[in-house]
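Working through the structure, step by step
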Amino acid sequence: MNNQSVRTLFIVGLTVVFSAAAWAGKYGDSKGRFMGFFDTNGDGVVTMDEFNAAAANRFDNMDADNNGVVTLEEFQTYIGQKRKERRQQKFQAMDSNKDGQVSQDEYISYKQKRAESRFQRMDTNNDGVVSKEEYNARKSRWSGHHKHKHGHHGRKSGIFAKLDANGDGQVTREESLAAWTGWFKRIDANDDQVVTEEEVRVYRASRMGAGK
């Protein structure tokens, strides 16, 4: 069996293995959600001004009654809405002909493209074959990331508590922006007030590697 055949079989296998997994959106892609959300002028970097503006906008979206503070209930409602939006986006990605329904062919094509993308990320030396070492390394990173993501879903009140710096049961705009600014600074490795795609990639890798 040649390398192309092995690769095809491996991709099909990945489709089956990961079809039920909640794989993070654009996992490992530095041009994913972070850059898409914060890089408002599309220049490939995120400045502190862009970041703060987007963080303020997110706070306003969470503050449903516009009273200047976010309660736990508002926070949970916002998170639920974002989940719903991600499910809609996934459906739209599968519905390639935009007819409002997903056929078997569309579903399989969507899964194959994702499996191909995963294969390429695992094939770190780009030789067209995923070794046992490459597979195990990727699996280890994914396990740490999944644990981190699942833990967040399971303790939304814990995240809220981190935002609620003074522990009064509500998050002010100042508390929210302070928490987001701290996140920006952790990503901005060279402390130049600008976050690049490479810094996002390195930060994600360190978080997944530590299982945080």
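What you see is a predicted model; the values in this text were computed from it and never measured. (Residues numbered from 1 in each chain as written. Predicted model: local features only at pLDDT ≥ 70, side-chain atom pairs only at ≥ 80, totals over all residues. Heavy atoms only, no water.)

1. A look at helix α4 (residues 72–94)
End to end, α4 covers 34 Å across 23 residues, agreeing with the expected 33 Å (1.5 Å per residue, within 8%). Three or more residues of α4 are buried, namely Glu74, Phe75, Tyr78, Ile79 and Met94. (Helix = DSSP H or I, 4+ residues; strand = E, 2+ residues; numbered from the N terminus. Expected span 1.5 Å × (residues − 1). Buried < 20%, exposed > 50% of the residue type's maximum accessible area, 1.4 Å probe, protein only.)

2. Overview of the nonpolar core
One finds Phe34, Phe38, Val46, Phe51 and Val195 to be the most contacted residues of the largest nonpolar core, which totals 14 residues. Looking at this core, the elements with two or more residues in it are α2 (33–38), α3 (48–62), α8 (173–187) and α9 (197–210). In terms of residues, this core owes the most to one element, α3, which gives four residues. Among residues more than four places away in sequence, those in contact with Val195 are Phe34, Met35, Val45, Val46, Phe184, Ile187, Asp188 and Val200. If you look at the next biggest cluster of nonpolar residues, it comprises 10 residues, including Met62, Val70, Phe160 and Val171. (Core = buried A, V, L, I, M, F, W, Y, C linked by side-chain atoms within 4.5 Å. Contact = heavy atoms within 4.5 Å.)

3. What about the confidence of the model for the protein?
Across the protein, pLDDT averages 76, with 74% of residues at or above 70. Scored below 50 in pLDDT, residues 1–31 shows 57 contacts in the model against residues more than four places distant or in partner chains. Contacts from residues 150–155, a stretch scored under 50 in pLDDT, to residues over four places away or in other chains number three contacts. (pLDDT = per-residue confidence, 0-100.)

4. Some details on unusual backbone geometry
Even without a glycine there, the phi angle at Asn66 is positive, about 55°. Looking at where Asn66 falls in the secondary structure, it is placed in the loop between α3 and β2 (69–71). Among the residues examined, Asn66 registers a relative accessible area of 63% and is labelled exposed. Despite not being glycine, Lys98 has its phi angle at roughly 55°, a positive value. Position of Lys98 among the secondary structure elements: in the loop between α4 and α5 (104–122).

5. Some points on the pattern of salt bridges
Counted according to the given criterion, the structure contains three salt bridges. The residue Arg173 makes a salt bridge to Asp60 at a minimum N-O spacing of 2.3 Å. Residue Arg173 is located in helix α8, and its partner Asp60 is located in helix α3; the two are separated by 113 residues in the primary sequence. On the accessibility criterion, Arg173 (30% relative accessible area) is partly exposed. For Asp60, a relative accessible area of 34% corresponds to the partly exposed category. We note a salt bridge from Lys82 to Glu85, for which the minimum N-O separation is 3.0 Å. Placement of the pair is Lys82 and Glu85 together in helix α4, with a separation of three residues, close to one helical turn. The class for Lys82 is partly exposed, based on a relative accessible area of 23%. Judged by its relative accessible area of 27%, Glu85 falls in the partly exposed class. (Salt bridge = Lys/Arg side-chain N within 4 Å of Asp/Glu carboxyl O.)

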